[in-house]
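Fold and contact review
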Number of protein chains: 2
Amino acid sequence: MDLVARLTAELGDAVTVDPERLDAVRTDKSGFIAPNLPLALVEAESVEHVQTTLRLANEAGVGIVPRGMGTGLAAGAVGDAGVIVLSVAKMNRILEINPADELAVVEPGVINADLDDALAPYGLWYAPDPASKAISSIGGNIATNAGGLLCAKYGVTREAVLGLKVVLADGRLLETGHRTVKGVTGYDLTALFVGSEGTLGVVVEATVRALPRPAGDVVTIGAFFPRVRQAALASSAIVEAQLRPAVMELVDGQALEAVRGYLGDAVIRDAMGPTTGDGFLLVQFDESPAPETVLRAVELIEREGGEPRVSTDAATGEQLLGIRRAFHPALAASGEVLIEDVSVPRSRLADAFDAIAEISERHGVRIPTVAHAGDGNLHPNFVVEGGLLTPQLKAAADELFRAALAMGGTLTGEHGVGILKRHHLIDELGADSYALQRRVKAVFDPRGILNPGKVFEITE
Amino acid sequence: MDLVARLTAELGDAVTVDPERLDAVRTDKSGFIAPNLPLALVEAESVEHVQTTLRLANEAGVGIVPRGMGTGLAAGAVGDAGVIVLSVAKMNRILEINPADELAVVEPGVINADLDDALAPYGLWYAPDPASKAISSIGGNIATNAGGLLCAKYGVTREAVLGLKVVLADGRLLETGHRTVKGVTGYDLTALFVGSEGTLGVVVEATVRALPRPAGDVVTIGAFFPRVRQAALASSAIVEAQLRPAVMELVDGQALEAVRGYLGDAVIRDAMGPTTGDGFLLVQFDESPAPETVLRAVELIEREGGEPRVSTDAATGEQLLGIRRAFHPALAASGEVLIEDVSVPRSRLADAFDAIAEISERHGVRIPTVAHAGDGNLHPNFVVEGGLLTPQLKAAADELFRAALAMGGTLTGEHGVGILKRHHLIDELGADSYALQRRVKAVFDPRGILNPGKVFEITE
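If you're wondering where the values come from, they're calculated on a predicted model, not measured in any experiment. (Residues numbered from 1 in each chain as written. Chains lettered and ligands numbered in written order. Predicted model: local features only at pLDDT ≥ 70, side-chain atom pairs only at ≥ 80, totals over all residues. Heavy atoms only, no water.)

Looking at the UniProt feature "domain: FAD-binding PCMH-type" (unreviewed entry) in chain A
Under the feature "domain: FAD-binding PCMH-type" (unreviewed entry), the UniProt entry names residues 34–213 of chain A. A helix fraction of 23% and a strand fraction of 26% characterise residues 34–213 of chain A, whose end C-alpha atoms lie 41 Å from each other. (UniProt positions renumbered as here; feature names shortened; annotations may be inferred. Helix = DSSP H or I, 4+ residues; strand = E, 2+ residues; numbered from the N terminus.)

Describing the nonpolar core
Ranked by size, the top nonpolar core spans 70 residues in total, and within it A:Leu115, A:Phe193, A:Phe444, B:Leu115, B:Phe193 and B:Phe444 carry the most contacts. Here this core spans two domains, and each of domain 2 (94–212) and domain 5 (418–447) of chain B adds at least three residues to it. Apart from the residues lying within four places of it in its own chain, the contact partners of A:Phe193 are A:Ile142, A:Leu164, A:Val166, A:Leu168, A:Leu174, A:Thr176, A:Leu200, A:Gly201 and A:Phe444. (Core = buried A, V, L, I, M, F, W, Y, C linked by side-chain atoms within 4.5 Å. Buried < 20%, exposed > 50% of the residue type's maximum accessible area, 1.4 Å probe, protein only. Domains from an automatic or database assignment. Contact = heavy atoms within 4.5 Å.)

Considerations on the pattern of salt bridges
The final tally for this structure, using the stated rule, is 66 salt bridges over all chains. Between B:Glu205 and B:Lys165 there is a salt bridge, and its shortest N-O distance comes to 3.6 Å. Of this pair, B:Glu205 sits in strand β10 (residues 202–209) while B:Lys165 sits in strand β8 (residues 161–167), placing them 40 residues apart in sequence. A relative accessible area of 24% means that B:Lys165 is categorised as partly exposed. Note that B:Asp265 and B:Arg260 form a salt bridge whose closest N and O atoms lie 2.9 Å from each other. A relative accessible area of 22% means that B:Arg260 is categorised as partly exposed. Each of A:Arg229, A:Arg348, A:Asp351 and A:Asp354 takes part in salt bridges that share partners, so that together they form one network. (Salt bridge = Lys/Arg side-chain N within 4 Å of Asp/Glu carboxyl O.)

Some details on the interface of chain B and chain A
Interface size is commonly expressed as the accessible area that is lost once the parts come together. Taken together, the contact pairs 76 residues of chain B with 76 residues of chain A. For the chain B and chain A pair, buried surface summed over both sides reaches about 6400 Å², with 57% attributable to carbon and sulfur atoms. In terms of surface lost to chain A, no three residues of chain B exceed B:Lys182, B:Val184 and B:Tyr187, which account for 15% of the buried area on that side. Here chain B is connected to chain A by 10 salt bridges. For B:Arg172, the salt bridge goes to A:Asp432, with nearest N and O atoms at 3.0 Å. (Buried area = accessible area lost by both parts, 1.4 Å probe.)

A look at the sheet that holds strand β10 (residues 202–209) of chain A
Residues and elements named next belong to chain A. Taken together, five strands build an open sheet; the order of strands is β5-β6-β10-β8-β9 and the sheet is antiparallel. Strands at the two margins of the open sheet, each flanked by one partner only, are β5 (94–98) and β9 (173–177). For this sheet, the mean inter-axis angle between neighbouring strands, taken without regard to orientation, is 10°. Where strand β8 (residues 161–167) meets β10, six bridges bridge the pair, whose relative direction is antiparallel. Bridging across to β10, Leu164 finds its partner in Ala206. Each of β5, β6 (103–106) and β10 touches helix α4 (residues 112–119); the most contacted strand, β5, lies at about 40° to it. (Pairing = 2+ DSSP bridges. Axes fitted to C-alpha atoms, helices over the stretch in contact; angles between N-to-C directions.)

Re the side chain of B:Asp188
One can find B:Asp188 in the loop between β9 (173–177) and α8 (189–193). Among the polar contacts listed, one links the side chain of B:Asp188 to the backbone nitrogen of B:Ala191, at a separation of 3.0 Å. The residues touching B:Asp188, leaving out its near neighbours within four places in the chain, are A:Arg158, A:Ala191 and A:Leu192. (Polar contact = N/O pair within 3.5 Å; in protein donor to acceptor, adjacent residues only side chain to side chain.)

Some thoughts on the side chain of B:Ser360
All names here are of chain B. If you trace the backbone, Ser360 turns up in helix α15 (residues 349–363). According to the relative accessible area criterion, Ser360 is buried, its value standing at 9%. Leave out the neighbours within four places in its chain, and Ser360 touches Gln254, Val365, Arg366 and Ile367.

So, the domain arrangement of chain A
All names here are of chain A. Once the domains are mapped, chain A shows domain 1 (3–87), domain 2 (219–327) and domain 3 (330–414). With centres defined by C-alpha atoms, the gap from domain 2 to domain 3 works out at 21 Å. Summing both partners gives a buried area of about 1800 Å² for domain 2 against domain 3, and 57% of it is carried by carbon and sulfur. Among the residues domain 2 hides against domain 3, the three largest losses belong to Arg229, Gln254 and Phe327. Together they make up 35% of the total. Between the two partners, domain 2 and domain 3, sit three salt bridges. Arg229 is the partner of Asp351 in a salt bridge, and the nearest nitrogen-oxygen pair spans 3.6 Å. Where domain 2 packs against domain 3, one counts 13 residue pairs in polar contact (both at pLDDT 80 or more). For the side of domain 2 that touches domain 3, the secondary structure elements donating two or more residues are α9 (228–240), β13 (247–252) and α10 (253–263). A per-element tally of the side of domain 2 that touches domain 3 places α9 first, with seven residues.

Quick word on the sheet that holds β13(A)
All names here are of chain A. Taken together, seven strands build an open sheet; the order of strands is β15-β12-β14-β13-β17-β18-β16 and the sheet is antiparallel. In this open sheet, the two strands that pair with only one neighbour each are β15 (307–311) and β16 (336–339). In this sheet, neighbouring strand axes are inclined to one another by 20° on average, regardless of whether the strands run parallel or antiparallel. Contacting β12 (219–225), β14 (279–285) and β15, helix α12 (residues 291–303) runs over the sheet at an angle of about 5° to β12.

Regarding the pairing of strand β18 (residues 377–384) of chain B
Residue and element names in this part refer to chain B. By the criterion of burial, β18 is predominantly enclosed, with seven of the eight residues buried. Sheet analysis places strand β16 (residues 336–339) next to β18, joined by four bridges and oriented antiparallel. By the bridge assignment for β18, Leu338 is matched with Phe382. With four bridges joining them, strand β17 (residues 369–372) and β18 adopt antiparallel strand pairing. Note on β18: the bridge partner recorded for Ala371 is Leu378. Where β17 folds back on β18, the antiparallel hairpin that results is connected by four residues, among which Gly376 adopts a positive phi of roughly 80°.

Notes on the environment of A:Phe327
One can find A:Phe327 in helix α14 (residues 327–333). Other than its neighbours up to four places away in sequence, A:Phe327 contacts A:Ala255, A:Val259, A:Pro368, A:Val370 and A:Asn381.

Here you go:
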């Protein structure tokens, strides 16, 4: 009996081979589409479903692709020929909210925003806020160590995860971490699983921090600059001045042009007045910032040639944030988009924008870019023609990676490696670390069934 | 040529076999003394020294015990027969302070407080503050994922470490992590090394977060309670009310008695007035807390029967903290002490104190206890007679561990496993995780030369 038949015998309706359903799980939000359909899709409804699937797949030596909501941007959760996609999207219960211990226990399919909404009545929040929070799951967030807009002040997903239940490749259930704030018994396997993109095990439960929701007033500053470099310098100056904004976002000239085309000039004028420029910086302070903090930020913005508009009411703040938020819809409306994800030390942000402009010009490729400037994470966007990366775009993206690495940065701040960046991973890690990490994987997954071909390039 | 001779040939004066020097490195601050002297002590002065030592030891199959300042409390860095102690205490340069990127780069032998002092002129701080901060090194702090008083609000060492340079067992130099805030390229080896107690590699450089030093006024509340359980309940209530104190410390009745004997009644009366009790809670808010925050804490303390004394001037705050700080010197003055280190979910703090009282009474053993109540980390202290744990003390300590685990807690919050808790580790981790972690170790250290016999019990 083949694996799909055995799985169907054990799991019944949770297993499907309907080609339409399989077609949907060979892609994600990156735009990547695997050439072939996977063997089957298992929609697990319980830990036992996940254990059975892995146990049988391991015995058969068949690859398993763990998948949450399919909102990934690196093709880390797409199925292809010969593998089974294991979705945990239906395991979406919030099992516990515990204000006394400041934690929540959730199944992996819980949507990030749903958890946050459930915590709100307790005055608690789940801090990691990827832009996809309305549609992405905690399990997927853990797989990619998801970030978002608030990371410089409130940390990435790794900082929010206290412990995990993980099904190992052979179907055994492993518990990691603690319900306590501190704990140093053995290795930090929890942190090892965070960001491991489904290559070490399948997360079936997570104990996460639920911290007091930041209270107090919000002050938002929007500012246009003549050049994006100046906006980046202002952002770096705000970090160095230790002003600690909750959000600091940057939109470059090409990205602004797209936003303008999408929202219309009037909407931007309504929020920002008649001024315009080639770079837009958005700075938001929470927790009732001291007036001198806001004034200092205004001063640093003006010093770099920016024209700040300060808003202390929530509605105008939202309008200003709306300019930043409109970027991805604007790009999506203009065609298929490859969203890159390099990160640089914050002092190098202006240099990173210079490098992008230079690469854009030399290759004749538009690279509209937004950045989580507060933490140095840039999302240069490539508009893809006809569903394929042209050699020209590929060359430009390769140079972008090299430029980020040369600045002491990284290939991916928050999206993960998946398939799309696996050929570049060794360039960042070096051969020793790359080999060591593959051996760590082999400890957890000796038969190599977990997310084969993802993160680590298949070199054999 | 034997290994010590080869090392001496390569490293000269950095190698010593002087019995007095060797005697000093077969113990640490736990009071444990290894039965025999190690083969030699290497005092590395450079990365190359560490690489040479490991390369040659690996070839020879001789064990290496990495060591910082020797302030550990779990015998994790003590040498014994047949091994070489590799000290990095002399590698104590601060290599970089970078306010723009909010980070510092240090050698492992830098003293925690020295780093913090060096950051202060920039308005920055190094947040992890183990009680040993004046004498313990960053390398040792990383090895044990050191905590301290500020962890509930400001995190443990793991949250402060961005990247590492580590010499692997065979002498190769590995770099992990990023100078960026975000990064998800491959596995989080940085977090894997933090808390690994020298069993995976030797940290020779660390890139750590240097965050803006909390500013504003400090408000300190000291409160005596009739019973320690009430103090613990007040502490849990303050967590649940989301008041976020920077420091929240608890001193039980037996511990108070020791402090009183050490400081004298007058000093305590001077700080706290004539009131006394069987439990002392200290709550400190930083960053100019809102008056309603302080009032709410006072209310919660009074609700549990405590008598709070609020201080808004730094001098009185220090006096109140002095009561807590006097505990370890007081105990040390009374004889040799085994400082335990269990951690429980914060909602179980009162239960943990009940369990300790019950164990103390049943075994007829005094267990004066202080707790980092803000994060649920308790330090029950056993006064050891004549340098040896009596069977009675051992039985009491074993029960303490079991009680903590039964509450969903952990054997060690911040001191590590070392030798002293290795026999208990499997009880907490379970057989699967224990075996898996040993296999992870084998990836990094195939010949088993790194800190042999520490953390994982030698079962072969």
